[in-house]
Amino acid sequence: MAILVLGGAGYIGSHTVYALVDRGVDVVVADNLETGHIEAVHPKARFYQGDIRNRAFVDSVFEQEKIDGVIHFAANSLVGESMVNPLKYYDNNLCGTKVLLESMVAHGIDKIVFSSTAATYGEPERVPILETDRTEPTNTYGETKLAMEKMFKWTGKAHGLRYVSLRYFNACGAHTSGQIGEAHNPESHLIPLILQVPNGQRESVSIFGDDYDTKDGTCVRDYIHVMDLAQAHILAMDYLAQGNESNIFNLGNGVGFTVKEVIETARKVTGDPIKAVISPRRAGDPAQLIASSEKAKSVLGWKPEHADLEEIIATAWNWHKNHPNGYAK
């Protein structure tokens, strides 16, 4: 039996596939390559190119492969884009998931691990954020991910589907081998943007607001290494395979770093002075987002192994300096 990884050519999906293969799991990847990269797909995984909004495509994968469970990363995920083009996000994220679930029910596949997001919480009521806290998304992206979670819940009640939703914070870093890493176009994540400065791809990095109520006035975020996220998806699938009930878990380090601290650490790792420029605040940026991951640790037995910010940035730098244009030759 195989695990189907949807969006397995994307950033977190590809790292999860590598971790699954390392465990000796038979892996099938499906991706439409809209934002994923065929070069990121592990050579031992069987790859199908297609879109989960296409029922015939999804059915064909389930008919050709003996799939035991699904790990679902296939979604658009840019907060800014979701606000100017919300219907694109409803179409891909929600319509795609609806078609996927119809096909899973028809083929008797009852386990799914879902890549969700801290954006489901919106402006946090408290820090660190607990899974039971209010969900009030402040952007379309978070809203669609929350709606996908609800879709799993109601499909579960009607058809016996069991799911684990993993709400994670700022994914970062790269595979320790340096073979795969982060490659978005356009890039919107802080660490790759910072590393474009020592890589000669931009003159400076912008700090959006330095007047927040934090220790140095810049936003605080919880950074979680992509391989730690990958391990959590595998543990979540194990949890479902053992017959456990549907559940939701936060994934973060439980430690917050300010934007200035991340830039300072990158200076140390790269040996570059990295110029930073203060810019106006961005709408909808909460001052602090930090996860409580106690539930994932106690229930799933998850333990982040790459929690050190310097190590996280070092793995990212190892990838970016050797692949300045991502997967492009």
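Structure first, text after, so check above.
The rules behind the values
- Residues numbered from 1 in each chain as written.
- Predicted model: local features only at pLDDT ≥ 70, side-chain atom pairs only at ≥ 80, totals over all residues.
- Heavy atoms only, no water.
- Salt bridge = Lys/Arg side-chain N within 4 Å of Asp/Glu carboxyl O.
- Helix = DSSP H or I, 4+ residues; strand = E, 2+ residues; numbered from the N terminus.
- Buried < 20%, exposed > 50% of the residue type's maximum accessible area, 1.4 Å probe, protein only.
- Phe/Tyr/Trp six-rings, centres within 6.5 Å; stacked < 30°, edge-to-face > 60°.
- 1 Å grid on protein atoms, 1.4 Å probe; cavity = no way out; pocket = protein on both sides within 12 Å on 5 of 7 lines; lining within 4 Å.
- Points joined across faces, edges and corners; volume = space filled by probe spheres on them.
- Nonpolar A, V, L, I, M, F, W, Y, C, P; charged D, E, K, R; others polar.
- Axes fitted to C-alpha atoms, helices over the stretch in contact; angles between N-to-C directions.
- Parallel < 35°, antiparallel > 145°, perpendicular 65-115°, else oblique.
- Left-handed = near helix turned anticlockwise from the far one by under 90°.
- Contact = heavy atoms within 4.5 Å.

Draft legend 1. Focus on the pattern of salt bridges. Enumeration according to the criterion identifies 20 salt bridges in this entry. Note that Lys 88 and Glu 34 form a salt bridge whose closest N and O atoms lie 3.7 Å from each other. Here Lys 88 is found in helix α4 (residues 86-106), whereas its partner Glu 34 is found in the loop between β2 (26-31) and β3 (46-49), with 54 residues between them in sequence. For Lys 88, a relative accessible area of 26% translates into the label partly exposed.

Draft legend 2. Molecular detail of the packing of aromatic side chains. Applying the stated criterion to the full structure yields 4 aromatic pairs. For the pair Tyr 239 and Phe 249, a centre-to-centre distance of 6.0 Å together with 90° between the ring planes defines the contact as edge-to-face. Note that Tyr 239 is positioned in helix α7 (residues 226-241) and Phe 249 in strand β11 (residues 247-251), a separation of 10 residues in sequence. For the pair Tyr 239 and Phe 249, one class covers both residues: buried.

Draft legend 3. Quick peek at empty space enclosed by the protein. The full count for this structure, using the stated rule, is 1 cavity of 30 Å³ or more. Of the pockets and cavities examined, the largest cavity occupies roughly 30 Å³. Lining the largest cavity, in full, are Tyr 121, Glu 123, Pro 124, Glu 125, Ile 129, Asp 133 and Arg 134. Looking at side-chain class alone, the lining of the largest cavity contains 3 nonpolar, no polar and 4 charged residues.

Draft legend 4. Quick look at the packing of helix α8 (residues 259-270) against helix α10 (residues 309-322). Orientation of α8 relative to α10, taken along the N-to-C sense of each, is 60°, at an axis distance of 9 Å. Judged by the inter-axis angle, α8 sits oblique to α10. Viewed along their axes, α8 and α10 form a crossing whose handedness is right-handed. Between α8, through Glu 261, Val 262, Thr 265, Ala 266, Lys 268, Val 269 and Thr 270, and α10, the contact on the second element is made entirely by Leu 309, Glu 310, Ile 313, Ala 314 and Trp 317. The class makeup of the residues in the contact of α8 with α10 is 7 nonpolar, 2 polar and 3 charged.

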